[in-house]
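Take a look at the letters that make up each chain.
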Amino acid sequence: RGMSTEDVLPRIEAWQSRIDKEFSEHSQKSLRELNQWQSSLQKELLADWWKLSEFLIMKWNDMSRTGENKTHVPVGYPAWWADMVGFSNDIHPLWVQRASKPCPLCPDVAQPTVSLPRSWDFSREEWSTACHLIQLPIPQVSQQFR
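This section reports on the structure supplied with the text. (Residues numbered from 1 in each chain as written. Predicted model: local features only at pLDDT ≥ 70, side-chain atom pairs only at ≥ 80, totals over all residues. Heavy atoms only, no water.)

1. Some remarks on the overall build of the protein chain
Here is step 1: Of the regular secondary structure elements, the protein chain holds 3 helices and 4 strands.
Here is step 2: In sequence order, the secondary structure elements of the protein chain are arranged as α-α-β-β-α-β-β.
Here is step 3: With 146 residues in all, the protein chain has 12% of them scored as buried.
Here is step 4: A separation threshold of at least 6 residues defines the contact pool for the protein chain, and within that pool the share at least 24 residues apart is 32%.
Here is step 5: When the accessible surface of the protein chain is summed, it comes to about 13200 Å², and 58% of that surface belongs to carbon and sulfur atoms. (Helix = DSSP H or I, 4+ residues; strand = E, 2+ residues; numbered from the N terminus. Buried < 20%, exposed > 50% of the residue type's maximum accessible area, 1.4 Å probe, protein only. Contact = heavy atoms within 4.5 Å. Areas by Shrake-Rupley, 256 points an atom, 1.4 Å probe, with all protein chains shown as cover.)

Listed below in structure tokens is the structure:
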């Protein structure tokens with residue numbers, strides 16, 4: 001959310017406002033002048049987006065936020081999400097599975113209004129609400145890799 005709301009969306013809105021304003025000023029000009037304006041605007045827009053990309057990398061690199069006279073402010077995961085998935089300092093894998101209902105810690109959860117299919121039934125070529133575990137064949141390893 002941070003990058004979109006703080007950096008990208010405001011830039012899109014600013015460019016759109018500028019384009020709308022300038023287009024109304026250029027709309028009555030000759031085709032050649034309109035072409036020149038459009039070409040120059042595209043070059044400027046492209047340069048600005050490349051500049052923005054470098055800024056975003058600087059600002060949001062490595063799960064931290066740099067800016068506003070602060071460097072390396074950790075962004076991290078939201079606490080509700082980390083708690084929900086059991087995030088800890090344990091380096092061992094944590095296996096997660098589909099929840100039957102939303103976690104109460106998760107903000108702004110919309111209650112489901114329909115039941116979606118859970119898996120694809122390959123034999124009948126249709127979606128199924130039952131949960132099927134599919135046994136995939138184990139590939140044979142060539143002798144040269146053993």
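2. Digging into the layout of surface pockets
Here is step 1: As a volume, the largest pocket reaches approximately 360 Å³.
Here is step 2: In this structure, the largest pocket is lined by 13 residues; those nearest its centre are R98, A99, S100, K101 and P112.
Here is step 3: For the lining of the largest pocket, the residue count by class is 6 nonpolar, 4 polar and 3 charged. (1 Å grid on protein atoms, 1.4 Å probe; cavity = no way out; pocket = protein on both sides within 12 Å on 5 of 7 lines; lining within 4 Å. Points joined across faces, edges and corners; volume = space filled by probe spheres on them. Nonpolar A, V, L, I, M, F, W, Y, C, P; charged D, E, K, R; others polar.)

3. Remarks on a nonpolar patch on the surface
Here is step 1: A cluster of nonpolar side chains, M63, Y77 and F87, forms an exposed patch at the surface whose accessible area comes to about 360 Å².
Here is step 2: When you line up the elements, Y77 lands in the loop between strand 2 (70-74) and helix 3 (79-85).
Here is step 3: Assessed through its relative accessible area of 49%, Y77 is described here as partly exposed. (Patch = residues over 30% accessible without salt bridge, like charges linked within 9 Å, V, L, I, M, F, W, Y side chains within 5 Å. Salt bridge = Lys/Arg side-chain N within 4 Å of Asp/Glu carboxyl O.)

4. Remarks on the packing of aromatic side chains
Here is step 1: Enumeration according to the criterion identifies 2 aromatic pairs in this entry.
Here is step 2: Seen from their ring centres, F23 and W37 are 6.2 Å apart, and the 40° between their planes marks the pair as tilted. A residue pair is termed long-range when its members are at least 10 positions apart, and F23 in helix 1 (residues 2-26) and W37 in helix 2 (residues 31-60) qualify at 14 residues.
Here is step 3: Between W120 and W127 the ring centres are 5.4 Å apart and the planes differ by 75°, which places this aromatic pair in the edge-to-face class.
Here is step 4: Among the residues examined, W120 registers a relative accessible area of 31% and is labelled partly exposed.
Here is step 5: For W127, a relative accessible area of 53% translates into the label exposed. (Phe/Tyr/Trp six-rings, centres within 6.5 Å; stacked < 30°, edge-to-face > 60°.)

5. Concerning the pattern of salt bridges
Here is step 1: Considering all chains together, one arrives at 8 salt bridges under this definition.
Here is step 2: Residues E6 and K59 are paired through a salt bridge, measuring 3.0 Å at the closest nitrogen-oxygen approach. Of the two residues, E6 sits in helix 1 while K59 sits in helix 2, which places them 53 residues apart along the sequence.
Here is step 3: A single salt-bridge network, built from bridges that share partners, covers E6, D7 and K59.

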